[in-house]
Amino acid sequence: MNTTAIISVIAYVALAPAAGGLLAGFDRKISARMQGRVGPPLLQPFYDLFKLLEKEPVTVNRVQDFYVLCCLIFMIITGGFFFAGGSLLLVIFTLTTASVFMVVAAYSSNSPYAQIGASRELLQIMAYEPMVLITAIGFFIVYRSFNVADIIAHPAPAVHYLAGIFLGFVFILTIKFRKSPFDLSMSHHAHQELVKGLTTEFSGKTLAMIELSHWYENIFLLGFVFLFFANGTTQWTVIAVLACLLAYFLEIFIDNSYARMKWQIAVNSSWIVALTAGGVNLLVLYFAIFGFGLGV
Amino acid sequence: MAVIFFLILFPLAAALILLAVKNDTARGVVVIAASVVIGAASVLLAVQHYFSGDALYHIADEFINEIVEYAMTAIEVCLAVIVFALGIKHKKYLASALAAVQTPLMLWFERSTGRLIEVKNPLVVDNLTVIMTLIVGIVGTLICVYALGYMKDFQRHNHGAPDRRPWFFFLLFLFLAAMFGLVTSNNLVWMYFFWEITTLCSFFLIGFTKTPEAVNNSFRALIMNLLGGLGFALAIMVAGNWYQTLEISQLLAMAQQGIDMTVPVVLLSFAGIAKAAQMPFNSWLLGAMVAPTPTSALLHSSTMVKAGVFLIVKLSPLMGWNLGGFMVMMVGGITFLMASFAAVSQSNAKRVLAYSTVANLGLIVACAGVGTPAAAWAAVMLIIFHAVTKSLLFLCVGTAEHNIGSRDIEDMDGLFDRMPRLAALMTAGISAMFLAPFGMLVSKWAALQAVVVSGNLPLVLFVVFGSSVTLFYWGKWLGKMTAVMAGRENIQRQVHAEEWTALCALTALVVIACLTFPIYSDKIVVPYLMTAFPNAREGVALAVSSDNMWILVVMIALIILLPLMFFGKTKKKIVPIYMAGAGLGDDLSFTGAMQEKKEVSLRNWYMEGYFGEKKMNRIGVTAACVVLAITFSMLLGGML
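(A) Geometry of the overall build of chain A. Across its full length, chain A holds 10 helices and one strand. Relative to the 2.2 N^0.38 estimate, which gives 19 Å for 296 residues, the radius of gyration of chain A is 19 Å and therefore close to what a compact globule would have. In terms of overall dimensions, chain A has C-alpha extents of about 65 × 45 × 40 Å along its principal axes. For chain A, with 296 residues in total, the buried portion stands at 63%. When contacts within chain A are restricted to residue pairs at least 6 apart in sequence, those whose partners lie at least 24 apart make up 77%. Per element, the accessible surface of chain A, about 11200 Å² overall, is 71% carbon and sulfur. The centroid of the 16 positive side-chain charges in chain A is displaced by 4 Å from the centroid of its 15 negative side-chain charges.

So, in structure tokens, the structure goes:
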């Protein structure tokens, strides 16, 4: 590990909560404006988080807090690997482990709402995982490496070769950011059949940890979007940052223009997108490399 | 070489003794003593080999050679007669027909062409053999120890039935003997002999309970494996008649000089595919679930199916983008995908495990088919991790079944309250099957990368979608088990000591296998690949770099330390769960719409409409049959 990697990891661990919280603040503000409301102050997510920390410490069983803690730790590790320039597959697999810890935490409560949320969360993971793996594979075929450091150091931005995969990835981001129409396992709004789904039984500091891990996760996911555009030059770095903001704005827009859909649509559409946008993109890459000997 | 003979003959002797022993205590002593000796001998073989290096073994004494040949022939004929008679008796004429074709064919070959070919080195010990020997010698014997306790319960549950445990333990140890013979054979005819013995052992083990279902399933297993055996027999004839050799090492060496080996590779792989329960033959392994649990554990983890993948991995250097490679890659890929799908729809724990075995074997087979060192690394690592983890899970389910009276995952909720220690071991096993940083996932990572490099896009997609589904079915099982339920009684005390010994030892093995894998990858697996793939263009470049391996090991240490430090330690006030204001405060019931008390009942998700077992099998078997049909028609087309 070189100095840049160490600095990025430290920056991620220290600053991602701030950036993630701000992002959530903008999210709520923009959503409110789309709905013709004024919306809460920009820093509201932070106020909420601090308030959660001061709640009475209660829990439904002895083990739940442990699983949530593991979820947070592994979420930070996931982003850490990513910003250290590590292997994309290692990043994806660690992310899965973090998600499974959260699912297990919800299952452990044996609460009807939490368990249904948990099984829906597993379903969502199953829905988006193929596209995420295909994304990593796409990077690998183009750059002959899964390592973020190698990908980002290359002068040719990935989006030139991975346009289809980029679209597919943005599609499944809706699930990952927990946006409507695919906020099946939990949502930001408690007035629904699932109550708060996955997070129904979390409260106080435990819920704060969940919130924090979401902020970490969101920043790391935008890092993925960044990766499609970045090539080390200032010009493309600016474009990459703009792309991240645009992608997030798009997700907010989708969130506010769709009602929640049935789980079948989430699975079907994600898999079809993975097969078409992802699969066809891979096919083209293979043809370019094996058929015509092209490569980066 | 003495150790090899000992490893084959000693379990055989133990088996014969166990056939005669009727007393529980005496059987316990014999099984445990024999297991310790076999385990020690397999470790001894590994140590000897580590210092002396790879070796082919030549038997100088003509007399011994003669005796072995005659004994094998005699036994083969006896077995064929037995199979023929049993087939007639149970009206399974296909089994009789296969026995009636295969054995005379082999005898004719051995008496004519086979007699003229001199086999210099009938035995071999290389690193792959050592790995298999350790798996059979340690995991296999632990299952036998476990069976001691399990079969006591089994006998009690089936009271009135005649005590046929001597026969059961005889078969277990005979199986081990045959496996040792199989993995150390370099002579194809010897390997074929042991191959057929394992087929018959599993036939008798599956049919052990003699219920109509068991008999039916045992014959299905027999017929499918005899069909595979027929492929093996034809491969021997082709090798003998076309290449004038019966030694695997010779075949591999000839291929490296550029001699075309398509026909024997395809035929041997076909035999391996049947034995490894790949589609279209997967139904025999699912049917094997009727047998007592130690049988399933043995068939699924350390013996039988591993013999199939062992042969295919051995042939891996001859595969890649050729006919054999195509067949093996596609059959493996299709099996991995469709079996993973089918596992989602199962609520019977043993069937989930069975489909997961079929799927993982599919991945191993597909990796072997890719034919690069990086892919073969993934295949070998999968064999190791799968053996230890799957045996642990089967035995956990067996113990759970005897104590909670069900093998249904839906009945395992709150297992942490009822059988805490068993639940902890089972959790370890399930996590090790699909979560980073554990071994299975490391191998999957390597497999994915190797498959991507191979450029086989359909296979890439099979692996991608199959892995995503894998996560779903393990995740929901894990969740069900970890649910904490109030008011459950601890019933763990009834578990036999032998079962605990085996379960704890296997869990320790899983942990050790995961923590030390960079070491044995470096010392055992990579050296094997370097000799097996001397022509590999890029050398042995591993998919998972050694840095990443050590990162994973650190993560494993973390994941073991975290629970020790924080698990279950909370000072918070415990409150009831949320039930929309209707809960009765005990977390188990609520007030219904008619003001009556209702129990909370939570069920998992099986997605029958998407992943219905029948539909998945139909699609998978059809697709695999198409692949086999294409392969064999191209093979025939090439020969004519």
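There is more to say after this.
(B) Representation of the overall build of chain B within the structure. Regarding its fold elements, chain B presents 26 helices and five strands. Computed over its C-alpha atoms, the radius of gyration of chain B comes to 25 Å, within 12% of the 26 Å expected for a compact globule of 640 residues. Taking the principal axes of its C-alpha atoms as reference, chain B extends roughly 85 × 55 × 45 Å. Residue pairs at least 24 apart in sequence account for 82% of intrachain contacts in chain B once pairs closer than 6 positions are excluded. Accessible surface, chain B: about 22300 Å² in total, of which carbon and sulfur atoms supply 67%.

(C) Representation of the interface of chain B and chain A within the structure. Contacts between chain B and chain A engage 59 residues on the former and 65 residues on the latter. Taken together, both faces of the contact between chain B and chain A bury some 5700 Å²; the carbon and sulfur share is 78%. Contact with chain A buries surface across chain B, with B:F465, B:K572 and B:W605 losing the most and accounting together for 12% of the total. At the surface where chain B touches chain A, the tally comes to two salt bridges. A salt bridge links A:D65 to B:K572; its shortest N-O distance comes to 3.0 Å.

(D) Seen up close, the nonpolar core. Residue and element names in this part refer to chain B. Counting 344 residues, the largest nonpolar core has F173, W284 and W477 as its most contacted members. When residues in this core are grouped by element, the largest group, 22 residues, is from helix α17 (residues 373-404). Ignoring any residue separated from it by four or fewer positions in sequence, one finds W477 in contact with A349, V352, L353, V397, I409, M412, M426, I430 and N604. Among the nonpolar cores identified, the runner-up in size contains 12 residues, and V83, F203, V215 and F219 belong to it.

(E) Just the domain arrangement of chain B, in detail. Residues and elements named next belong to chain B. As assigned here, chain B comprises domain 1 (1-316) and domain 2 (319-569 + 603-640). Here the C-alpha centroids of domain 1 and domain 2 sit 23 Å apart. With 56 residues of domain 1 at the interface, the matching set in domain 2 holds 69 residues. Interface of domain 1 and domain 2: buried area, both sides summed, is about 5200 Å²; carbon and sulfur atoms make up 75% of it. Ranking the residues of domain 1 by area buried against domain 2 places Y146, M279 and S316 at the top, with a combined share of 15%. Scanning the region where domain 1 abuts domain 2 turns up one salt bridge.

(F) The side chain of A:N218, seen in detail. Within the secondary structure, A:N218 is located in helix α8 (residues 204-229). Not counting chain neighbours up to four residues away, the residues in contact with A:N218 comprise A:F177 and A:Y248.

(G) Looking closely at helix α5 (residues 112-143) of chain A. All names here are of chain A. In a regular helix each residue adds 1.5 Å, so 32 residues correspond to 46 Å; α5 covers 46 Å between its end C-alpha atoms and thus fits that length. At Y128, α5 shows its largest bend, some 35°, and a proline, P130, comes one to four positions later. Counting buried residues along α5, 31 of its 32 residues qualify, which places the element largely inside the surrounding structure. One or two positions beyond α5, positive phi appears at R144, with a value near 60°.

(H) Examining α17(B) more closely. Residue and element names in this part refer to chain B. With 32 residues, α17 should reach 46 Å at 1.5 Å per residue; the first-to-last C-alpha distance of 45 Å fits that figure. The largest bend in α17 comes to about 25°, at H386. Counted residue by residue, α17 has 32 buried out of 32 residues, so it is predominantly covered. Residue G405 follows α17 closely and has a positive phi angle near 80°.

(I) Geometry of the state of the cysteines. Per the stated rule, a full pass over the model turns up zero disulfides over all chains. No disulfide involves A:C70; its nearest neighbouring cysteine sulfur is the one of A:C71, lying 8.8 Å away. Considering cysteine sulfurs only, B:C201 is the nearest to B:C78, which forms no disulfide, with 15 Å between them. In this structure B:C78 comes out as partly exposed when scored by relative accessible area, which is 46%.

Rules behind the numbers
Residues numbered from 1 in each chain as written. Chains lettered and ligands numbered in written order. Predicted model: local features only at pLDDT ≥ 70, side-chain atom pairs only at ≥ 80, totals over all residues. Heavy atoms only, no water. Helix = DSSP H or I, 4+ residues; strand = E, 2+ residues; numbered from the N terminus. Rg over C-alpha atoms; globule rule 2.2 N^0.38 Å. Buried < 20%, exposed > 50% of the residue type's maximum accessible area, 1.4 Å probe, protein only. Contact = heavy atoms within 4.5 Å. Areas by Shrake-Rupley, 256 points an atom, 1.4 Å probe, with all protein chains shown as cover. Lys, Arg positive; Asp, Glu negative; His and termini not counted. Charge placed at Lys NZ, Arg CZ, Asp CG, Glu CD. Buried area = accessible area lost by both parts, 1.4 Å probe. Salt bridge = Lys/Arg side-chain N within 4 Å of Asp/Glu carboxyl O. Core = buried A, V, L, I, M, F, W, Y, C linked by side-chain atoms within 4.5 Å. Domains from an automatic or database assignment. Expected span 1.5 Å × (residues − 1). Bend = angle between axes of the 7 residues up to and from the residue. Disulfide = S-S within 2.5 Å.

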